[in-house]
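So you can see what is in the structure, the chains are spelled out below.
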Amino acid sequence: MAGVKTMFAGVALAALMSLAFAASAQDAAQVAKDRESLMKGMGGNLKAISAVVKGEGAETLADLKRRAGEISAAAAKIPAVFKDEIHVENAPAGIDTEALPVIWSDWAKFEAAAKTLEEASAKLAASADMDAAKADFGAVGKSCGGCHNTFRQKKS
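Residues numbered from 1 in each chain as written. Predicted model: local features only at pLDDT ≥ 70, side-chain atom pairs only at ≥ 80, totals over all residues. Heavy atoms only, no water.

1. Structural notes on the overall build of the chain
Check the secondary structure of the chain and you find six helices and zero strands. Element order for the chain, N to C, with α for helix and β for strand: α-α-α-α-α-α. Here the chain holds 156 residues, and 31% of them are scored as buried. Considering only intrachain contacts with a sequence separation of at least 6, the fraction spanning at least 24 residues in the chain is 66%. On the chain, roughly 9500 Å² of surface is accessible, and the fraction owed to carbon and sulfur atoms is 60%. (Helix = DSSP H or I, 4+ residues; strand = E, 2+ residues; numbered from the N terminus. Buried < 20%, exposed > 50% of the residue type's maximum accessible area, 1.4 Å probe, protein only. Contact = heavy atoms within 4.5 Å. Areas by Shrake-Rupley, 256 points an atom, 1.4 Å probe, with all protein chains shown as cover.)

In structure tokens, the structure reads:
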């Protein structure tokens, strides 16, 4: 009888571990999805701002300022969406991420990079005219690139 109880306990433990792993994989998938959504939103805004600065398309300085404000608000959320340490070296199977482990080993630098983007895009959002916007746009692009060069796996 003791052997049967041990067997049932083992089966129950295995079932619980399977459920925990499945929940963990679902959580990791949601983390990756949230990160990707935030970053793609900023990228879309940056692309639209670039078009305005180049004089392409129908958007105006007001649109540029709104989009820059959206980037600033999103940049403030970057540390929160990267709180969970899921990166290219430890992501569960099927979870796509370009986050490098250096984000967590140099968290202060990562937070500072997000803050730099937040501030640069807020300054862009406050641009008085198109000439100022063109000058401020460079700092936003530079802050994006600086973070990607350090904390994001290069695409092959």
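2. Structural notes on the pattern of salt bridges
Summed over the entire model, instances satisfying the criterion amount to eight salt bridges. One salt bridge connects E59 with R67, and the closest N-O pair in it is separated by 2.8 Å. For E59, a relative accessible area of 29% translates into the label partly exposed. Owing to a relative accessible area of 16%, R67 belongs among the buried residues under this scheme. (Salt bridge = Lys/Arg side-chain N within 4 Å of Asp/Glu carboxyl O.)

3. A few points about the packing of helix 2 (residues 61–75) against helix 5 (residues 107–125)
Running from N to C, helix 2 and helix 5 point in directions that differ by 160°, and their axes come no closer than 8 Å. The angle between helix 2 and helix 5 falls in the class roughly antiparallel. As for the relative orientation of helix 2 and helix 5, their crossing is left-handed in sense. Every residue of helix 5 that contacts helix 2 at L64, K65, A68, G69, I71, S72 and A75 is listed here: A114, L117, E118, S121, A122, L124 and A125. For the contact of helix 2 with helix 5, the class distribution of residues is nine nonpolar, three polar and two charged. (Axes fitted to C-alpha atoms, helices over the stretch in contact; angles between N-to-C directions. Parallel < 35°, antiparallel > 145°, perpendicular 65-115°, else oblique. Left-handed = near helix turned anticlockwise from the far one by under 90°. Nonpolar A, V, L, I, M, F, W, Y, C, P; charged D, E, K, R; others polar.)

4. Some thoughts on the nonpolar core
Ranked by internal contacts, the top residues of the largest apolar core, which has 30 residues, are I49, I78, F82, L117 and L124. Going through the elements one at a time, helix 1 (2–53), helix 2, helix 3 (78–81), helix 4 (102–105), helix 5 and helix 6 (130–151) are the ones with two or more residues in this core. For this core, the element with the highest residue contribution is helix 5, accounting for seven residues. Beyond its immediate sequence surroundings of up to four residues, F82 is in contact with R35, M39, A99, I103, W104, W107 and F110. Core analysis: the next-biggest nonpolar cluster, separate from the first, contains five residues, A28, V31, A32 and I86 among them. (Core = buried A, V, L, I, M, F, W, Y, C linked by side-chain atoms within 4.5 Å.)

5. Brief notes about the layout of surface pockets
Regions of empty space are outlined by a rolling probe, equal in size to a water molecule, passed over the atoms. Of the pockets and cavities examined, the largest pocket occupies roughly 710 Å³. Among the elements of the structure, helix 1, helix 5 and helix 6 are those that each provide at least two residues to the lining of the largest pocket. For the lining of the largest pocket, the element with the highest residue contribution is helix 1, accounting for 10 residues. Each residue belonging to the lining of the largest pocket can be placed in one class, and the counts come to 16 nonpolar, four polar and eight charged. (1 Å grid on protein atoms, 1.4 Å probe; cavity = no way out; pocket = protein on both sides within 12 Å on 5 of 7 lines; lining within 4 Å. Points joined across faces, edges and corners; volume = space filled by probe spheres on them.)

6. Details of the side chain of S72
Considering the arrangement of structural elements, one finds S72 in helix 2. When near neighbours in sequence (up to four residues on either side) are disregarded, S72 contacts E118, S121 and A122.

7. Some words on the packing of aromatic side chains
Counted under the stated rule, the structure contains four aromatic pairs. When the ring of W107 is compared with that of F110, the centres are 5.4 Å apart and the planes differ by 40°; the resulting orientation is tilted. Taken together, the positions of W107 and F110, both in helix 5 and three residues apart, correspond to about one turn of that helix. What makes W107 partly exposed here is its relative accessible area of 25%. According to the relative accessible area criterion, F110 is buried, its value standing at 2%. (Phe/Tyr/Trp six-rings, centres within 6.5 Å; stacked < 30°, edge-to-face > 60°.)

What is shown is where atoms sit, not what they do.
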